[in-house]
Amino acid sequence: MIYEIKKYGSDILREEAKNVEKIDDEIKTILDNMVETMYETKGVGLAAPQVGISLRMFVCDKGDGVVKKIINPKITPLTNTLTECEEGCLSVPGIYKKVRRPEKIKIEYTNIDGENVTEEVDDFLAIIMQHEYDHLDGILFVDKVSPIAKRMISRKLQAMKKETKKAEEVED
Ligand SMILES: [Zn+2]
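All values derive from a computational prediction rather than experimental measurement. (Residues numbered from 1 in each chain as written. Predicted model: local features only at pLDDT ≥ 70, side-chain atom pairs only at ≥ 80, totals over all residues. Heavy atoms only, no water.)

Enquirer: Is there a simple way to explain the sheet that holds strand β7 (residues 116-122) in this structure?
Expert: Consider a sheet: its strands pair through backbone hydrogen bonds, and that pairing is either parallel or antiparallel. Strand order across the open sheet formed by five strands is β1-β2-β3-β6-β7, with antiparallel pairing between neighbours. The open sheet has two free edges, formed respectively by β1 (45-47) and β7, since each of these has just one partner strand. Across the sheet, the axes of successive neighbouring strands diverge by a mean angle of 40 degrees, strand direction being ignored. Pairing of strand β3 (residues 68-77) with strand β6 (residues 104-110) involves five bridges; the strand directions are antiparallel. Considered in β6, the bridge of K74 is made with E108. (Pairing = 2+ DSSP bridges. Helix = DSSP H or I, 4+ residues; strand = E, 2+ residues; numbered from the N terminus. Axes fitted to C-alpha atoms, helices over the stretch in contact; angles between N-to-C directions.)

Below you can see the structure in the form of structure tokens.
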């Protein structure tokens, strides 16, 4: 099942998502649907709040076909070195801007078998994971761009927010 992606201006994107308490069939189905939605929309990562589910989990595939399903993650930077990467987001379509993030991280999470996993990740996958992790705290990449970039995109964001609010009103 392909989910509808929540767009900039949707309140759920600004909420702090809740921990996943139990990994049952429902959670597994949601994660499968999220993977399907990610591929359909040609994304490299997708967090649950982006599909209207306020739970701390995300999926990603940096482009090598290796799918990761991450539940209740905790991220710790392993370096002070920041790397700059142009980011985009399925919830903020049409906007691509550079964001600086630590280039190497440790991620601790629960996998779908309920096992605790710790991985050290660097490079593009580390960027994706930090971007998706931010979604779980209601943070979007456009919050982290330079002040100049922020000014450049502010009009576009305002318009997007207005459009999203309008669309959501119609739905209600
Ligand atoms: Zn995103």
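Enquirer: Could you clarify how one ought to interpret the pairing of strand β2 (residues 57-60) in this entry?
Expert: Working note: regular strand, side chains alternate between the two faces of the sheet. Burial of the side chains of β2 extends over both faces: M57 and V59 are buried on one face and F58 and C60 on the other. Examined bridge by bridge, β1 and β2 share three bridges and lie antiparallel to one another. Looking at the pairing, L46 lines up with V59 of β2. Inspection of the sheet shows β2 paired to β3 by four bridges, in the antiparallel sense. (Buried < 20%, exposed > 50% of the residue type's maximum accessible area, 1.4 Å probe, protein only.)

Enquirer: What is the right way to look at the UniProt feature "binding site: Fe cation" (unreviewed entry) in the protein in this model?
Expert: If you check UniProt for "binding site: Fe cation" (unreviewed entry), the listed places come out as C89, H131 and H135 in our numbering. Across 47 residues in sequence, these annotated residues keep their C-alpha atoms within 10.3 Å of one another, forming a single compact spot. Along the chain, C89 turns up in strand β4 (residues 82-89). For C89, a relative accessible area of 10% gives the class buried. Leaving out residues up to four positions away in the same chain, C89 has contacts with Q50, I95, H131, H135 and F141. On the secondary structure map, H135 appears in helix α2 (residues 123-136). For H135, a relative accessible area of 1% gives the class buried. Sequence-distant contacts of H135, defined by excluding residues within four places in its chain, comprise E15, A47, P49, Q50, C89 and L140. (UniProt positions renumbered as here; feature names shortened; annotations may be inferred. Contact = heavy atoms within 4.5 Å.)

Enquirer: Before we go on, may I ask you to explain the UniProt feature "active site" (unreviewed entry) in the protein in this structure?
Expert: UniProt's feature table lists "active site" (unreviewed entry) at E132, given in the numbering used throughout. Topologically, E132 is positioned in helix α2. Sequence-distant contacts of E132, that is, excluding residues within four places in its chain, are made with G45, L46, A47, Q50, F58 and V59.

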